[in-house]
Amino acid sequence: MRYPDGGGLTAKQRARREQVRFEAAELFARGVGPPQVAKLLRVSCKSAYAWHARWRAGGVEALASKGPCGRRSRMRPQWRDWLGEELDKGPAAHGWDEEQGWTLARVALVIARRFHVRFSPAQTWRILRQMGFTPQLPAHRSAERDEHRVATWVRTTWPRVGKE
């Protein structure tokens, strides 16, 4: 199953789904058929039939969660701690101008320099998102942006706002 945020399930969500499967096992044990189980638990008939087959073959244990699926990330937890600290230092600490921000390519390069592991921009973004980072700059500059008005605002209004 694919998830829109690219993440998958948290441990809490996996536990909740496992609980639903265990409820289905109790219903199967009482003689309730898969279509009725699907309706009662608000799941698809396909899932109910699959759970029923697994339950008949291996009992309740066959419906237990097997943990997170997919390959484990090459980005180790202790590396994430180090990366968070380095990103907080800013791009200048790694040789880029202070006015320039972090990009996915730069973050991937910092990781590669330190741990000798290369990540694609997409994988780097997944890692950063899992660490709680969010994009801080708009993807595109507004077409209506008036540089003169922005400069005037920064000169006149910002000093008042900053003091409050």
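Computed from a prediction, not measured in an experiment: that's the story for all the values here.

A. Layout of the packing of aromatic side chains. One pass over the full model with this rule turns up five aromatic pairs. Taken together, a centroid distance of 4.2 Å and an interplanar angle of 15° make the contact between tryptophan 79 and phenylalanine 115 stacked. You can see tryptophan 79 sitting in helix α4 (residues 77-89) and its partner phenylalanine 115 sitting in helix α5 (residues 104-115), a full 36 residues away along the chain. One aromatic cluster is present, formed by Trp79, Trp82 and Phe115 through successive ring pairs. The ring of tryptophan 82 has arginine 114 lying over it, and the distance from NZ or CZ to the ring centre is 5.2 Å.

B. Quick look at the pattern of salt bridges. Taken as a whole and judged by the stated rule, the model has two salt bridges. Glutamate 23 serves as the salt-bridge partner of arginine 16, at 3.8 Å between the closest nitrogen and oxygen. For arginine 16, a relative accessible area of 49% gives the class partly exposed. When the shortest N-O distance is used, the salt bridge between lysine 89 and glutamate 86 registers 2.9 Å. Linking lysine 89 with glutamate 86, this pair stays in helix α4, spanning three residues, or about one helical turn.

Conventions and cut-offs
- Residues numbered from 1 in each chain as written.
- Predicted model: local features only at pLDDT ≥ 70, side-chain atom pairs only at ≥ 80, totals over all residues.
- Heavy atoms only, no water.
- Phe/Tyr/Trp six-rings, centres within 6.5 Å; stacked < 30°, edge-to-face > 60°.
- Helix = DSSP H or I, 4+ residues; strand = E, 2+ residues; numbered from the N terminus.
- Lys NZ or Arg CZ within 6 Å of the ring centre and 35° of its normal.
- Salt bridge = Lys/Arg side-chain N within 4 Å of Asp/Glu carboxyl O.
- Buried < 20%, exposed > 50% of the residue type's maximum accessible area, 1.4 Å probe, protein only.

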